Amino acid sequence: MSPDELKSLVRTIPDFPKPDIQFRDITTLLIDGRGFAAAVDALVELARPYGADLIAGIEARGFIFSAPVARALGAGLLPVRKPGKLPGPRIGVDYALEYGTDRLEIHEGACLPGHRVVLVDDLIATGGTALATVSLLRQAGADVPAALFVIDLPELGGAALLNEAGVAAQALMSFEGH
């Protein structure tokens, strides 16, 4: 399936969740079995050269894509969760949002020094959550060579910020606007 065919499976919902936002809805891609499989296969091929020990998926939509990528590569799956979702000892990082802060956590010892971790998520916008995830993984001692996304919103600059942080950011498709 070509990138344009994949892109045609993503629905745009105007003015959601607020006016002037063009929400890129991946559920229409997910319910198309051929399209979902093609997106996962494309992410696997982007991830393969990095020799990842772990594929990190960001809660929640990142789990949808990171799990089959990890399985296809024979890598472990590292869920990156919001606070209060993981039992036992955790490490975390707080990060700034447009209005306030949030936190991401992983299990202590799940990611070890020297692990090569590729981040997978559905969408990169401003990059705040992805950069916080990279910070958390590096705090654990991991090497994070790449972050892969189904969708990039380049006007918001997140992929560029990841590249500046030494993480190769790639996406299957991009959409203008936000």
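Above this text is the structure in question.
Residues numbered from 1 in each chain as written. Predicted model: local features only at pLDDT ≥ 70, side-chain atom pairs only at ≥ 80, totals over all residues. Heavy atoms only, no water.

A. Geometry of the overall build of the chain. When its secondary structure is counted, the chain shows six helices and nine strands. Its C-alpha atoms give the chain a radius of gyration of 16 Å, within 12% of the compact-globule value 16 Å for 178 residues. In terms of overall dimensions, the chain has a C-alpha envelope of 40 × 40 × 30 Å along the principal axes. Here the chain holds 178 residues, and the buried ones make up 43% of them. Excluding contacts between residues fewer than 6 apart, the proportion of contacts in the chain whose partners are at least 24 apart in sequence is 57%. With 15 positive and 22 negative side-chain charges, the chain shows a spacing of 5 Å between the two charge centroids. (Helix = DSSP H or I, 4+ residues; strand = E, 2+ residues; numbered from the N terminus. Rg over C-alpha atoms; globule rule 2.2 N^0.38 Å. Buried < 20%, exposed > 50% of the residue type's maximum accessible area, 1.4 Å probe, protein only. Contact = heavy atoms within 4.5 Å. Lys, Arg positive; Asp, Glu negative; His and termini not counted. Charge placed at Lys NZ, Arg CZ, Asp CG, Glu CD.)

B. Representation of the packing of helix α3 (residues 33–47) against helix α4 (residues 61–73) in the model. Where α3 meets α4, the axes come as close as 9 Å, and the angle between the chain directions of the two elements is 60°. Classified by the interaxial angle, the pair formed by α3 and α4 is oblique. Taken as a pair, α3 and α4 cross one another with a handedness that is right-handed. In contact with F36, A39, V40, L43, V44 and A47 of α3, α4 contributes I64, F65, P68, V69, A72 and L73. Of the residues contributing to the contact of α3 with α4, the split by class is twelve nonpolar, no polar and no charged. (Axes fitted to C-alpha atoms, helices over the stretch in contact; angles between N-to-C directions. Parallel < 35°, antiparallel > 145°, perpendicular 65-115°, else oblique. Left-handed = near helix turned anticlockwise from the far one by under 90°. Nonpolar A, V, L, I, M, F, W, Y, C, P; charged D, E, K, R; others polar.)

C. Just unusual backbone geometry, in detail. In this model, F16 is joined to P17 through a cis peptide bond whose omega is 5°. Structurally, P17 can be placed in the loop between β1 (11–14) and β2 (22–25). Between E59 and the following residue, A60, the backbone shows a cis peptide bond with an omega angle of 0°. With respect to the secondary-structure elements, A60 resides in the loop between β3 (54–58) and α4. A positive phi angle is found at D15, which is not glycine, with a value near 60°. Within the element layout of this structure, D15 appears in the loop between β1 and β2. The class of D15 is partly exposed, set by a relative accessible area of 46%. Although it is not a glycine, D20 adopts a positive phi angle of roughly 75°.

Without other data, these values stay purely geometric and don't point to any function.
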